[in-house]
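Summary of the model geometry
For reference, the chains in residue letters:
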There are 2 protein chains.
Amino acid sequence: MMNTPMAERMNHIAGSVIRKFAEKAATDPTLITFANGNPSAVTFPVEDMKRFYDEALTTGYSESLMQYGTVQGFMPLVNFLKERLAKKYSFDWGENDLFIVSGGTQAVDVASKIWLDKGDTVIVEEPSYASCYNIFRCYEAKLQGVPIGEDGIDVEAVEEVLKTNKTVKMIYTIPSFQNPTGFSTIIEKRKKLYELACKYDVVILEDDPYTELRFGGEEINPIKSLDKDGRVFYTSSLSKVIAPSFRLGYLVVNKRFGQNVNICKQCMDVHSNTLGQYVAWGIMTKTDYDAHIKLAQEEYRRKSTLISETLKRTIHPSCKISNPTGGMFIMMFMPDSIDAEDFVWKGIDRGVVCVPGSGFAIDGEKPSHSVRMCYSTAADDQIVKGAEIIGKLTWDMIEGKA
Amino acid sequence: MMNTPMAERMNHIAGSVIRKFAEKAATDPTLITFANGNPSAVTFPVEDMKRFYDEALTTGYSESLMQYGTVQGFMPLVNFLKERLAKKYSFDWGENDLFIVSGGTQAVDVASKIWLDKGDTVIVEEPSYASCYNIFRCYEAKLQGVPIGEDGIDVEAVEEVLKTNKTVKMIYTIPSFQNPTGFSTIIEKRKKLYELACKYDVVILEDDPYTELRFGGEEINPIKSLDKDGRVFYTSSLSKVIAPSFRLGYLVVNKRFGQNVNICKQCMDVHSNTLGQYVAWGIMTKTDYDAHIKLAQEEYRRKSTLISETLKRTIHPSCKISNPTGGMFIMMFMPDSIDAEDFVWKGIDRGVVCVPGSGFAIDGEKPSHSVRMCYSTAADDQIVKGAEIIGKLTWDMIEGKA
């Protein structure tokens, strides 16, 4: 009989609630799904992918595309991304360097490995992407939630934590079109957050996977653009602009941490799959990539408008929805009398699946009163139909009819 | 000024010595390289890869190949590998399950995340693949080396450690064509090792990336085939049978740890790149995969014979070489008077690059007296030429002429 004890951390991490509901949706194709955080399939550049896989294995072929690659990534892709980020956000490549990672999740894993000791605290927006909570827990860090509102992370709450809790090592933030709320942090608060990080000497991990999916409002520079002393680790992803199955993203850090990133990634997967990087580079440099991004933005703008307007028209007035200007998520905040898990199961009975706010809470057992809806994958008519079901359900539950 | 302290683990992990010498080789194409642990380029199924990428994006296309996939992997590939491993090694899928991982390195990362707490000890063969030492160190484990000889891991030394050190949690072994020695552990010792793991209630992490590359001797079942109580985590890789740049491997664990693997992988990269998995599945099921493996085995047999015979003919009699019956590595053991790093640098001056034994030691600063030669990538004439240079250098150094 085997009695070997597992590592302590295994007591503190749990399976993803999002995946639970997403898998529910997958097993019943008649359900309208707002559960999966999947990009819209019309944004997948399938033809171009075919073209560049073909190129990589014929005219573009070299043995180096097959062998172990450099940890940093396929250098043409690294260099293109640097150029794009310099133009778009004024990232300074004299100070910083960029690493290809196997999706934004791995970037969070790398940052955690570099910074987190047992007992350190990570300040997180709450609600936020719970898989990252799990990553921090893997390194035996404690989590301290701070609220996030329409204009972003609550910087006063951050300061309050920093003042009183000396174990804080890192602030984790999704500044744009946050998962799950769809909120974005305004520039004044980004500045304030960076000042606080400097004042209290902590790291900012800026997770920005939706940044290219802006369809409204003004462009806001990442916190990384403000980073004078190299304390911001910035990550973004190709999952939402090319395809999630690629498992590619990037991590930008001050050069003095380059070797640390390098070693940590060696200890994870050595490097990210090279052919995928070649294809991403091909798509970005040999097709009209800006047009491709524009297409995705328009797709999300239309779907976002559809769900917002339908919800506004149909939900009970005691419910509020967020007003995303980009990304894939909208969140509905319901009165405390409505338990979100209950709401979600009732929604499933009526043919639509969302994710309850508890899926984004530090303590997933606590009742929540909000639901995340991802509007990216359902067809337009299904979005309207699904949102109408949600709207009707708010009335029925609040009026005690469901 | 940023003064945020990095995590304690960062003091204990260092860059790969192998990569240092491999990069040396990469920057000077006139060098004959025995440094990189790269597969032979003739074994890359480039045409077939092109075929199946094309298929995946045309007739085989489905949206699921683009979206986030299941953590376990692309199920047709999972199922094929299960079938193959059942046939080849009698793996029991009633008891076990298989997960696709992003290369064998990630499997070691997963196993470490599940099992290792700060202060736990991992028994490792010494010399062994030092990147795994680093992975264990990432989880703040201590390493305890045991010798490995021609017939494999020193099981008496393992028992001695287990008897006296109650912090041992895991035994890490590369049972076949070990990196760097090329040694294989005989079946009697595999059985004994498993018995010891049971007796002292520790986990075995069996790392078997070279298993398909056998070109001599009898097939030996993995320790996992003997595993009655589910304490063996078994991993192998597609890097040596398809291509390293794919970053695909697999991890076999008892079903009761399936959910733990699932959660840990969610915290690393969610899942491995799907198109690569589709292509691997295509190659394995729609081409003559056994013929492909046979081709690789023949390639390595020829190259191994060339380097062995040339070394036998040219090295100083006080030097010994291993006698691999598979895989990509041969090791030369020199007298204590020869410092291996010194030897390697002198070899580089003469046009050939190997990796010193110190690159595989727990304490990389300690002098070593062996060198690893990887014979898989150099052309046949270069193998002979390189091995002759090595042979001559042993004489020159032992006779004080170099």
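Residues numbered from 1 in each chain as written. Chains lettered and ligands numbered in written order. Predicted model: local features only at pLDDT ≥ 70, side-chain atom pairs only at ≥ 80, totals over all residues. Heavy atoms only, no water.

**Some points on helix 12 (residues 380–398) of chain B**
Residues and elements named next belong to chain B. Its 19 residues place the ends of helix 12 27 Å apart at the C-alpha level, agreeing with the 27 Å of an ideal helix rising 1.5 Å per residue. Every buried residue of helix 12 is listed here: Ile383, Gly386, Ala387, Ile389, Ile390, Gly391, Leu393, Thr394, Asp396 and Met397. Its buried side turned inward, helix 12 meets strand 1 (32–33), helix 10 (289–314), strand 12 (329–333), helix 11 (340–350), strand 13 (352–353) and strand 15 (370–374). A positive backbone phi angle near 75 degrees is found at Gly400, which sits one or two residues after helix 12. (Helix = DSSP H or I, 4+ residues; strand = E, 2+ residues; numbered from the N terminus. Expected span 1.5 Å × (residues − 1). Buried < 20%, exposed > 50% of the residue type's maximum accessible area, 1.4 Å probe, protein only. Contact = heavy atoms within 4.5 Å.)

**Quick word on the side chain of Asn260 of chain B**
Counting through the fold element by element, Asn260 of chain B comes out in helix 8 (residues 258–266). A relative accessible area of 12% places Asn260 of chain B in the buried class. The residues contacting Asn260 of chain B, other than those within four sequence positions of it, are Met6 and Met10 of chain A together with Ile114 of chain B.

**Describing the pattern of salt bridges**
Between side chains of opposite charge, pairing is possible as soon as their charged atoms come close. Across all of its chains, the model carries 58 salt bridges over all chains by this definition. The residue Lys88 of chain B makes a salt bridge to Glu219 of chain B at a minimum N-O spacing of 3.6 Å. Of this pair, Lys88 of chain B sits in helix 3 (residues 75–89) while Glu219 of chain B sits in the loop between strand 8 (203–207) and strand 9 (232–237), placing them 131 residues apart in sequence. Looking at Lys88 of chain B, the relative accessible area reads 25%, which means it is partly exposed. A salt bridge links Arg231 of chain B to Asp229 of chain B, with the nearest nitrogen and oxygen atoms 2.9 Å apart. Like Asp229 of chain B, Arg231 of chain B is buried. Through salt bridges with shared partners, a single network forms among Arg84, Lys88, Glu212, Arg214, Glu219 and Asp290 of chain A. (Salt bridge = Lys/Arg side-chain N within 4 Å of Asp/Glu carboxyl O.)

**What to know about the sheet that holds strand 15 of chain B**
Residues and elements named next belong to chain B. Here 4 strands make up an open sheet; going across it, the order is 11-12-15-14 and the pairing antiparallel. The sheet is open, and its two borders are formed by strand 11 (320–321) and strand 14 (355–356), each paired with just one other strand. Here strand 12 runs beside strand 15; their pairing, made up of 5 bridges, is antiparallel. Bridge pairing links Ile330 to Met373 in strand 15. (Pairing = 2+ DSSP bridges.)

**Concerning the confidence of the model for chain A**
In the predicted model, chain A carries a mean pLDDT of 96, and 100% of its residues have values of at least 70. Prediction confidence for the complex, expressed as pTM and ipTM, is 0.97 and 0.96 respectively. (pLDDT = per-residue confidence, 0-100.)

**Details of the pairing of strand 9 of chain B**
Residues and elements named next belong to chain B. Extensive coverage of strand 9 is indicated by the burial of 6 of its 6 residues. Residues Val232, Tyr234 and Ser236 line one face of strand 9 and the alternating positions Phe233, Thr235 and Ser237 line the opposite face, and both faces are buried. Here strand 8 pairs with strand 9 via 4 bridges, running parallel. Looking at the pairing, Leu205 lines up with Phe233 of strand 9. Alignment of strand 9 against strand 10 (residues 249–254), held across 4 bridges, turns out to be antiparallel. Note on strand 10: the bridge partner recorded for Ser237 is Gly249.

**Describing the sheet that holds strand 10 of chain B**
Residue and element names in this part refer to chain B. Read across the sheet, 7 strands follow the order 2-10-9-8-7-3-4 without closing on themselves; strand pairing throughout is mixed. Edge positions in the sheet fall to strand 2 (96–101) and strand 4 (142–146), since each of these pairs with one other strand and no more. Neighbour to neighbour, the strand axes of the sheet diverge by 20 degrees on average, direction disregarded. Against the sheet, helix 7 (residues 187–199) makes contact with strand 7 (168–173), strand 8 and strand 9, and its axis sits at roughly 145 degrees relative to strand 8, the strand it touches most. (Axes fitted to C-alpha atoms, helices over the stretch in contact; angles between N-to-C directions.)

**Thoughts on the environment of Pro175 of chain B**
Tracing the chain through its elements places Pro175 of chain B in the loop between strand 7 and helix 7. Leave out the neighbours within four places in its chain, and Pro175 of chain B touches Phe183, Ser184, Thr185, Arg190, Glu206, Asp207 and Asp208 of chain B.

**Re the packing of helix 10 (residues 289–314) of chain A against helix 12 (residues 380–398) of chain A**
Residues and elements named next belong to chain A. In contact at an axis separation of 8 Å, helix 10 and helix 12 are set at 25 degrees when each is read in the N-to-C sense. As judged from the angle between their axes, helix 10 and helix 12 are roughly parallel. In the packing of helix 10 onto helix 12, the handedness of the crossing is right-handed. For the pair helix 10 and helix 12, the contacting residues are Arg302, Lys303, Leu306, Ile307, Thr310, Leu311, Arg313 and Thr314 in the first and Asp380, Ile383, Val384, Ala387, Glu388, Ile390, Gly391, Lys392, Thr394 and Trp395 in the second. When the residues that make up the contact of helix 10 with helix 12 are grouped by side-chain class, the tally is 8 nonpolar, 4 polar and 6 charged. (Parallel < 35°, antiparallel > 145°, perpendicular 65-115°, else oblique. Left-handed = near helix turned anticlockwise from the far one by under 90°. Nonpolar A, V, L, I, M, F, W, Y, C, P; charged D, E, K, R; others polar.)

**Description of the relation of the copies chain B and chain A**
Here chain B sits on chain A after a turn of 180 degrees about the axis and a move of 0.0 Å along it, with an RMSD of 0.0 Å. Put plainly, the chains are arranged around a two-fold axis. Of the interface residues in chain B, 100% have counterparts in chain A that sit at the interface too, so the contact is made through matching surfaces. (Least-squares fit on C-alpha atoms with pLDDT ≥ 70 in both.)

**Re the pairing of strand 3 (residues 121–125) of chain B**
Residues and elements named next belong to chain B. Burial of strand 3 is extensive: 5 of the 5 residues sit out of reach of the surface. Burial of the side chains of strand 3 extends over both faces: Thr121, Ile123 and Glu125 are buried on one face and Val122 and Val124 on the other. Here strand 3 runs beside strand 4; their pairing, made up of 5 bridges, is parallel. Residue Glu125 lies in a different strand from strand 4, and its bridge partner there is Val146. With helix 5 (residues 130–138) bridging strand 3 and the parallel strand 4, this β-α-β connection has right-handed handedness. (Right-handed = clockwise from strand over helix to strand, strands pointing away.)

**Some points on the interface of chain B and chain A**
On the side of chain A, 82 residues touch chain B, which itself brings 82 residues to the contact. Here chain B packs against chain A, burying approximately 6800 Å² in sum over the two surfaces, 58% of which is carbon and sulfur. Our count for the chain B to chain A interface comes out at 4 salt bridges. Asp54 of chain B is paired through a salt bridge with Lys50 of chain A; the nearest N and O atoms lie 3.1 Å apart. Remark: the boundary between chain B and chain A carries 32 residue pairs in polar contact (both at pLDDT 80 or more). Those elements that provide at least two residues to the side of chain B that touches chain A are helix 2 (46–56), helix 4 (104–115), helix 5, helix 8 and helix 9 (274–286) of chain B. Looking at the side of chain B that touches chain A, the element that brings in the most residues is helix 4 of chain B, giving 7 residues. Tallied by class, residues from the side of chain B that touches chain A come to 38 nonpolar, 27 polar and 17 charged. (Buried area = accessible area lost by both parts, 1.4 Å probe. Polar contact = N/O pair within 3.5 Å; in protein donor to acceptor, adjacent residues only side chain to side chain.)

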